[in-house]
Amino acid sequence: MGLNLSDDGKFYALENNSKNQLYEKTNKEQINTDKQKVKEIKDINETLNQIKQIHTTYRDLLKKHILSDLKNLAPVSFEIFAKNLLEVYGFEKIQVTSINNDGGIDGYGKLKVGLAYMKVAFQCKRWIKTSVGRVEIDKFRGAIQGDYEQGIFFTTSYFTEGAKKVSIKPGAVPVILIDGLSIVETMIEKNFGVEIERLPLYTYALDEIIS
């Protein structure tokens, strides 16, 4: 059996050297394959993260667009919108009051709580920039006190800290505050006025089924 001098200065029998070279070749191929797999997984994860970022950006843009459209509704249309939104949440017998004789109440209805029904009134302020302050909440509460168990105040704008502090007061009718962003979030949650475009997004999970 002959000898062969390797690159590291050692002699190997030709047969053993052939096996060694084959091993080294196989090992290098395996290393290259592993590196390629690592790169592929990294590319997949990076692409998935990009898709998630795009989705977040798209969702934010959609919210802004919906809120902008709500602010451009006519006051009466916004009241009807609020009525329909409450119905989605399970309120019953919701009615919008007359514009000329609402007494500070834009609508009313009932919500079943256990075996009983709770009388609820709502107020709508389709405001673009002006915030809703404590004065507006106090006026609304005064209009519903004694006749309703709960009030709901909708606005396309936002509520001041003063308004938030007096929304719930001991011994007074609670007033639930729903601002523009909350309205949009509710629409998305309830698929109300929005449609879902279902795009299947697959993630790698082969490890889970062969482990």
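The following paragraphs examine the structure supplied in this document. Model, not experiment: these values are computed from the prediction.

1. Let's talk about the environment of Gly90
Here's step 1: Following the sequence through the fold, Gly90 ends up in the loop between helix 2 (75-88) and strand 3 (92-96).
Here's step 2: Assessed through its relative accessible area of 36%, Gly90 is described here as partly exposed.
Here's step 3: Separated by 20 residues in the primary sequence, Gly90 and Lys110 have C-alpha atoms spaced 9.0 Å apart.

2. Regarding the sheet that holds strand 3
Here's step 1: With mixed pairing, the five strands of this open sheet are ordered in space as 3-4-5-6-7. Every interior strand has two partners, whereas the edge strands, strand 3 and strand 7 (175-178), have only one. Adjacent strand axes in the sheet meet at a mean angle of 25 degrees, parallel and antiparallel pairs treated alike.
Here's step 2: In this sheet, strand 7 lies alongside strand 6 (residues 150-155) in parallel orientation, the contact comprising four bridges. Along strand 7, the bridge assignment pairs Phe154 with Ile178.
Here's step 3: Helix 3 (residues 134-144) rests against strand 5 (116-125), strand 6 and strand 7 of the sheet, and its axis sits at about 145 degrees to strand 6.

3. Focus on the pattern of salt bridges
Here's step 1: What the rule picks out here adds up to six salt bridges.
Here's step 2: Its salt-bridge partner being Lys63, residue Glu185 comes within 2.4 Å of it at the nearest N-O pair. Highlighted residues: Glu185 in helix 5 (residues 180-189) and Lys63 in helix 1 (residues 14-71), separated in sequence by 122 residues.
Here's step 3: Look at Glu185 and you get partly exposed, because its relative accessible area is 34%.
Here's step 4: Glu161 is paired through a salt bridge with Lys164; the nearest N and O atoms lie 3.6 Å apart. Highlighted residues: Glu161 and Lys164, both in helix 4 (residues 161-166), separated by three residues, approximately one helical turn.
Here's step 5: By relative accessible area, Glu161 is classed as exposed at 52%.
Here's step 6: Taken together, the shared-partner salt bridges in this structure form one network comprising Arg59, Lys63 and Glu185.

4. Topic: the layout of surface pockets
Here's step 1: Here the largest pocket defines a volume of roughly 670 Å³.
Here's step 2: In terms of lining residues, the largest pocket is bounded by 17 residues, among which His55, Tyr58, Glu195, Ile196 and Glu197 are the most central.
Here's step 3: Sort the elements by how many residues they give to the lining of the largest pocket and helix 1 lands first, with eight residues.
Here's step 4: Broken down by class, the residue content of the lining of the largest pocket amounts to ten nonpolar, two polar and five charged.

5. Let's talk about the environment of Lys110
Here's step 1: Take Lys110: it is sitting in strand 4 (residues 107-113).
Here's step 2: Each C-alpha atom of the pair Lys110 and Phe91 lies 5.7 Å from the other, and the pair is 19 residues apart in sequence.
Here's step 3: Aside from chain neighbours lying at most four places away, what touches Lys110 is Phe91, Glu92, Ile94, Tyr117 and Met118.

Reading the values: rules and limits
- Residues numbered from 1 in each chain as written.
- Predicted model: local features only at pLDDT ≥ 70, side-chain atom pairs only at ≥ 80, totals over all residues.
- Heavy atoms only, no water.
- Helix = DSSP H or I, 4+ residues; strand = E, 2+ residues; numbered from the N terminus.
- Buried < 20%, exposed > 50% of the residue type's maximum accessible area, 1.4 Å probe, protein only.
- Pairing = 2+ DSSP bridges.
- Axes fitted to C-alpha atoms, helices over the stretch in contact; angles between N-to-C directions.
- Contact = heavy atoms within 4.5 Å.
- Salt bridge = Lys/Arg side-chain N within 4 Å of Asp/Glu carboxyl O.
- 1 Å grid on protein atoms, 1.4 Å probe; cavity = no way out; pocket = protein on both sides within 12 Å on 5 of 7 lines; lining within 4 Å.
- Points joined across faces, edges and corners; volume = space filled by probe spheres on them.
- Nonpolar A, V, L, I, M, F, W, Y, C, P; charged D, E, K, R; others polar.

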